[in-house]
Structure formats: structure tokens, C-alpha cells
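For reference, the chains in residue letters:
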Amino acid sequence: MTADLSAAASFMAAHARLLDRRRFALLLGAADTDAVLAAVDGYRNPDGGYGWGLEPDLRAPESQPAGALHAFEVFEDIAPVTTPHAVRLCDWLEAVSLPDGGLPFALPVADPSGCAPFWAQADPKTSTLQSTAFAAGVALRVAAHDPAVAAHPWLDRATRYCLAAVEAIGDRPHAIELSFAIRFLDAASDTRAEAGALLDGLRRFIPDDGLLPVAGGAADEVIRPLDAAPDPGRPARGLYDPAVIDAELTRLAAGQQDDGGWRVDFASYSPSASLEWRGYRTVSAVSLLRRNARL
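Below is a short write-up of the structure. (Residues numbered from 1 in each chain as written. Predicted model: local features only at pLDDT ≥ 70, side-chain atom pairs only at ≥ 80, totals over all residues. Heavy atoms only, no water.)

Time to look at the side chain of T132. Assignment of secondary structure puts T132 in helix α7 (residues 129–143). Looking at T132, its side chain comes within polar contact range of the main-chain nitrogen of L103, at 2.8 Å. Other than its neighbours up to four places away in sequence, T132 contacts G101, G102, L103, A158, Y161 and C162. (Helix = DSSP H or I, 4+ residues; strand = E, 2+ residues; numbered from the N terminus. Polar contact = N/O pair within 3.5 Å; in protein donor to acceptor, adjacent residues only side chain to side chain. Contact = heavy atoms within 4.5 Å.)

Our next topic: the environment of D20. In this structure, D20 sits in helix α2 (residues 18–27). When residues no more than four places from it in sequence are discounted, the contact partners of D20 are M12, E276, G279, Y280 and V283.

Once that is clear, we can look at the packing of aromatic side chains. Each aromatic ring pair is described using two quantities: the centre-to-centre distance and the angle formed by the ring planes. Here the structure, examined in full by the defined rule, presents 10 aromatic pairs. An aromatic cluster of at least three residues, connected via ring pairs, comprises Y50, F72, F75 and W154. (Phe/Tyr/Trp six-rings, centres within 6.5 Å; stacked < 30°, edge-to-face > 60°.)

Taken as a whole and judged by the stated rule, the model has 14 salt bridges. Salt-bridge contacts for R234 lead to D190; the nearest nitrogen and oxygen are separated by 3.2 Å. Highlighted residues: R234 in the loop between α12 (225–228) and α13 (242–254) and D190 in the loop between α10 (175–188) and α11 (195–201), separated in sequence by 44 residues. For R234, a relative accessible area of 25% gives the class partly exposed. When salt bridges that share partners are traced, they join R17, D20, R23 and D77 into one network. (Salt bridge = Lys/Arg side-chain N within 4 Å of Asp/Glu carboxyl O. Buried < 20%, exposed > 50% of the residue type's maximum accessible area, 1.4 Å probe, protein only.)

The subject of this paragraph is the packing of helix α3 (residues 33–41) against helix α4 (residues 65–77). Here α3 crosses α4 at 170°, and the two axes come no closer than 10 Å. Taken as axis vectors, α3 and α4 run roughly antiparallel relative to one another. Between α3, through V36, L37 and V40, and α4, the contact on the second element is made entirely by A71, V74 and F75. When its residues are assigned to classes, the contact of α3 with α4 shows 6 nonpolar, no polar and no charged. (Axes fitted to C-alpha atoms, helices over the stretch in contact; angles between N-to-C directions. Parallel < 35°, antiparallel > 145°, perpendicular 65-115°, else oblique. Nonpolar A, V, L, I, M, F, W, Y, C, P; charged D, E, K, R; others polar.)

In this structure, D200 sits in helix α11. Measuring from C-alpha to C-alpha, the distance between D200 and A236 comes to 8.6 Å, with 36 residues separating the pair along the chain.

Quick look at the structure:
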């Protein structure tokens, strides 16, 4: 089974936000990088960070670590093209990092309307592996084609924080934190010798079927193998049986809905976020299937 790209395009046209429509068009070779960058620039603040609902369940205007994650995803999309906004985002992240080099889960929100409680109620004075890993992991992937990001002192500090935090993991971490730690270590393994051994150490938390139930999430919410190890030939894939990955790719292709889009299995906190997540997920699904030679 393979995806119906025409149906996916129709879903994006009907339901997705402009940014994901541009990302989808870029993926199919129907848009240029300037159009994608113009779309993400609408979420950018004068401080160099990103807010305004770039993370769909964090709709507040303030710049946030989660906004940085999604902005860096766009900067990864446009490779090998670079943008000076990437290094300016690193400047902002350096300014809001805590003394230990980590990022808080989220920064204060003035108006929590439409925001998930876990974002709006986060402690801004405590570093978390999850937020630091999700920002640093994708920044490392951007750094592979952007020398200015690679040389930025924030990325070095955040990387060192994450390596130490992963090494200190004792009990089973939350599934979402674990998935971002895996993705971070996968990216860090290209430049940090210790990352490979730390990644292998996380194998003890991966069940045979690769499914990680999300504590506190929806009843059927899990982190799936392709969430943590989306790319073939990368170190993170070694954590999963190839048969599991093959079955997950088949499942992903079959997950396209009658309206042409894909769904997510977690709860959204506003009607807008529900559709925005579907557009984001549809771009991700098509990109993942293509990278894994299923399209």
C-alpha cells in the first residue's frame, strides 16, 4: 500500500495552515525555500524566537522552546539552503537557557487560551531533558548543513547538558522524553563519540514491539518506532527490529484517511490545533514514507 499524494494535496489545501501547505509543496518540488521561510517568519518574534502557535497546542505569542523545535524543523526542510534566522534563534535559546545549559519545558505564558496545561503550567526555572533534547536534536541536524549553527556556543552547551542528562537516567523516562533523547543522540552521534554508547544504553527501555505508552496521554497514545527513529541507515534504527520498522511503515501508509490526511493519536486543546496537527502530521507522514522508499 502506498499513499495517495493527490488526495493528500487536497486535504492540505482544504484544512492545513499556510506553513504546512508550503512545506508540503516544497516536499513535492512545487515551492521554493523562500516561500517556506516567509511562512514560518510569521511566527517569529523580534527577540529571535518563535511563538504564535507554531507549536499548535501552545497558542500564546511568546517565544518558546517548542517554537524553536518547529522552526528548526523548517530550517532542516530547506537544506542545503540556510537562513540567518537559524543562528539568531540560537542566540535566543542561549539567552533563555538556564545556568546548567538546559532549557525549561516552557517559558511563562501571559494568556493560556487554547494552550495545553502542561505548557501553560510549566516551571520556567527548571531545566528538562525533553525540551533541551528536542531543540538541540533538530538543531544538530540543521548544523550538518549550516556552519553558523554548528559553531554556536548555545548548541555546544545544550549538547553537553543532554549528554549528561541521558547518562544520568535511572528509572524508565517518560515516553516522549525518551523519544526525543533517542533523536538527539542519533543526531549527536555524528560529532560526539560518546553518543553512540548512550544511545545503545537506551535500548533497555524499548520493548520488542517498539511501542512506548504515553503516561498521562490519551488511552491509546503511544510513541511509535518511526517517531523516534524515522530515518533509514541512522544509528537510532539499530534499537528496533527491522521487521518492526517494516510493519510500521506499512501501517503508516495505510493510515491515510478518506479525506486524504493523516491523524494524530493525542488530544488537542483547541479546534484550530486539531486541524493544524493533522496538516503537520500529513507533511511528516509523506516525508517519512518518501525517505524510507515507500513513495
